[in-house]
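# Report on the structure
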Amino acid sequence: MADKNIVVLMGGRSSEHEVSLVSAATVIKHINKAIYNVIMVGITKDGQWKLIDSEDKITDGSWVNGRTGAYISPDTGKNELCIVKDGAVETLHIDVVFPVLHGMNGEDGTLQGLLELAQIPYVGCGVLASACSMDKFYTKIIVDSIGIRQAAFVGVHRAELKDMDSVIARVEASIPYPVFVKPSKAGSSQGVSKAADRRELINALELAAQHDTKILVEETIVGRELECAVLGGSQPEASGVGEVLAADEFYSYDAKYNNAESMTVVNPELPEGKEEEIRRNAQAIFKALDGYGLSRVDFFLTKDTNEVVFNEINTLPGFTSISMYPMLWEAKGLDKDTLVQKLIDLAMVRYDG
C-alpha cells in the first residue's frame, strides 16, 4: 500500500490553463500508485485552490465548482496541505509536489518560491531558472553571455507604447521586417504574431501587450523548428531531436493544440553534426540558466545555411498526447512511467542534498 503523498498541481491563472489540465491527467496516469497516494489540486483561472476528488473531474471541468479548498502551507518544515471544507481545516502531510502548471504563476518561479519557503520537495526547475526562463527577454541576455547564436531582438515595455512612433523607430532601426512579436512571459505561443510592415507591427505590439508588460520583438528566422528535451541535475542528459511541422505559418497556440494538420516528428533527418550541436547547446543553455529536473529547448535550423539558432526554453513542458518532451524520451527508450518516476526522484535528490 502506498505510504507517500504526492500533490499534483494543475490549472492555474495563465493562458495555458486548459493545456495544464491535459498534461496533469497524463502525469497522474503514469505515477506509480503503489508508492504514491496522488492528491490532485486544481487552481482556477481566478486563483482559487481546490481539491479534486476524481480524475474524471479534471477533463470535464467540474472540479472548478468544488467546495473543498486545498492550499499548501508556507510554514517552513510543516510539509502540509491544508484542506478546507465547511469551515473546518484538516492537514495532510506532503512528501513531494509535482507542479504541472504552464506559464505565469506556475512556471515563472512564484510557485517554486512558495515550495522553497515551505521546504517541500518539488519536481522541476528552481526559482532562478524558472523566472529567467519564463522571461524570454532575460533568457536571451543569458544565452548571449555563453555565445550561442539566437535571433536578434529588441525589448519593449508596455508603458513605452504610449509613444508608439518611438518604439516603431527603434525596432525598425534594429531588425528588418518581417519580425515576430511575443509577450516576454507568455507560453504556448499565446499572444505571438508576425508583422510584415509598420501597421502589422503596431497591431502585434498591442496584442502582445494584452498578455504581458514586457514584449520581445525578434528577427524572423526562416528554417526548420527543432526541439530537444533535457533531463537531470548538475550533469543533465539531452534527448534526441524532434521537429515541429506547423500547419500554420508558425507554431501558434491554435496550430499547436487545435489544428490536426500540425505534426511533431521524432528523429528527423538532419545534416551531419547538427543533432549533436543541438543536444550540446541544449545542455549548455539548461546549465547556464541553472536548470534542474526538466526542460525543453527549442531551436531553428536555418533554411539556406543550416545554422543552429536558439529560440526559447520551456521549464515545464507539456505532457499532453502531442507534447514533444515525453515523446523524445520515449524514442530513447524511457517510457512515461519511468520518466515521471525519474523526475520525482530528482526532486527528492535535490531536497536531500
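See the structure above.
Attention here is on the structure that accompanies the text. The structure displayed is predicted, hence computed values, not measured ones.

### Observations concerning the nonpolar core
- Judged by nonpolar contacts, the single largest core of 35 residues is most densely connected at Met-10 and Phe-98.
- Within the residue set of this core, elements represented by two or more residues are strand 1 (4-11), helix 1 (17-29), strand 2 (36-43), strand 7 (96-99), strand 12 (223-232), helix 10 (324-331) and helix 11 (336-352).
- Per-element tally for this core: the top contributor is helix 11, with six residues.
- Among the nonpolar cores identified, the runner-up in size contains 22 residues, and Ile-148, Leu-226, Ile-285 and Phe-310 belong to it.

### A word on the sheet that holds strand 13 (residues 237-245)
- Strand order in the open sheet formed by five strands is 14-13-12-15-16, with antiparallel pairing between adjacent strands. A strand with exactly one partner marks an edge of an open sheet, and here the two such strands are strand 14 (263-266) and strand 16 (308-314). Across the sheet, the axes of successive neighbouring strands diverge by a mean angle of 30°, strand direction being ignored.
- Where strand 12 meets strand 13, six bridges bridge the pair, whose relative direction is antiparallel. Its bridge partner being in strand 13, Val-230 is matched across the sheet by Ala-238.
- Packed onto the sheet, helix 9 (residues 274-288) meets strand 12, strand 13, strand 15 (293-302) and strand 16 and runs at close to 135° relative to strand 15.

### Let's talk about the sheet that holds strand 8 (residues 153-157)
- The four strands are arranged 8-11-9-10 in an open sheet whose pairing can be described as antiparallel. Among the strands making up the open sheet, the edge pair consists of strand 8 and strand 10 (193-195). Between one strand axis and the next, the sheet turns by 25° as a mean value, whatever way the strands run.
- With five bridges joining them, strand 8 and strand 11 (residues 214-219) adopt antiparallel strand pairing. The residue of strand 11 that forms the bridge with His-157 is Lys-214.
- In the packing of helix 5 (residues 136-145) onto the sheet, contacts are made with strand 8, strand 9 (179-183) and strand 11, and the angle to strand 11 comes to roughly 50°.
- Across the sheet, helix 7 (residues 198-209) lies against strand 9, strand 10 and strand 11, angled at about 15° from strand 9, the strand it touches most.

### Topic: helix 7
- With twelve residues, helix 7 extends 16 Å between its outermost C-alpha atoms, agreeing within 8% with the 16 Å of an ideal straight helix rising 1.5 Å per residue.
- Its buried side turned inward, helix 7 meets helix 6 (164-174), strand 9, strand 10 and strand 11.

### A closer look at the packing of helix 6 against helix 7
- Packing of helix 6 against helix 7 brings their axes to within 11 Å, and their N-to-C directions diverge by 115°. Relative to helix 7, the element helix 6 lies roughly perpendicular. Judged by the twist between their axes, the crossing of helix 6 over helix 7 is right-handed. Of the residues in helix 7, those touching helix 6 at Met-164, Val-167, Ile-168, Val-171 and Glu-172 are Arg-198, Leu-201, Ile-202, Leu-205 and Glu-206.
- Per-class residue counts for the contact of helix 6 with helix 7 are seven nonpolar, no polar and three charged.

### Here's the deal with the pairing of strand 3 (residues 49-52)
- Side chains of strand 3 alternate between two faces, with Lys-50 and Ile-52 buried and Trp-49 and Leu-51 left unburied.
- One ladder, built from four bridges, connects strand 2 with strand 3; its direction is antiparallel. By the bridge assignment, Met-40 is partnered in strand 3 with Ile-52.

### Re the packing of aromatic side chains
- What the rule picks out here adds up to four aromatic pairs.
- Here the aromatic cluster, defined as three or more aromatic residues joined through ring pairs, consists of Phe-137, Tyr-138 and Phe-153.
- Its end group placed over the ring of Tyr-122, Arg-350 keeps NZ or CZ at 4.4 Å from the ring centre.

### Considering unusual backbone geometry
- The linkage connecting Tyr-177 with the following residue, Pro-178, adopts the cis geometry, with an omega of -5°.
- On the secondary structure map, Pro-178 appears in the loop between helix 6 and strand 9.
- The phi dihedral of Gln-119 is positive, around 55°, even though this residue is not glycine.
- Looking at the secondary structure, you find Gln-119 in the loop between helix 3 (110-118) and helix 4 (127-134).
- The backbone phi angle of Asp-290 is positive, close to 65°, even though this residue is not glycine.
- Assignment of secondary structure puts Asp-290 in the loop between helix 9 and strand 15.
- Relative accessible area serves as the criterion here: at 48%, Asp-290 is assigned to the partly exposed category.

Cut-offs applied
- Residues numbered from 1 in each chain as written.
- Predicted model: local features only at pLDDT ≥ 70, side-chain atom pairs only at ≥ 80, totals over all residues.
- Heavy atoms only, no water.
- Core = buried A, V, L, I, M, F, W, Y, C linked by side-chain atoms within 4.5 Å.
- Buried < 20%, exposed > 50% of the residue type's maximum accessible area, 1.4 Å probe, protein only.
- Helix = DSSP H or I, 4+ residues; strand = E, 2+ residues; numbered from the N terminus.
- Pairing = 2+ DSSP bridges.
- Axes fitted to C-alpha atoms, helices over the stretch in contact; angles between N-to-C directions.
- Contact = heavy atoms within 4.5 Å.
- Expected span 1.5 Å × (residues − 1).
- Parallel < 35°, antiparallel > 145°, perpendicular 65-115°, else oblique.
- Left-handed = near helix turned anticlockwise from the far one by under 90°.
- Nonpolar A, V, L, I, M, F, W, Y, C, P; charged D, E, K, R; others polar.
- Phe/Tyr/Trp six-rings, centres within 6.5 Å; stacked < 30°, edge-to-face > 60°.
- Lys NZ or Arg CZ within 6 Å of the ring centre and 35° of its normal.

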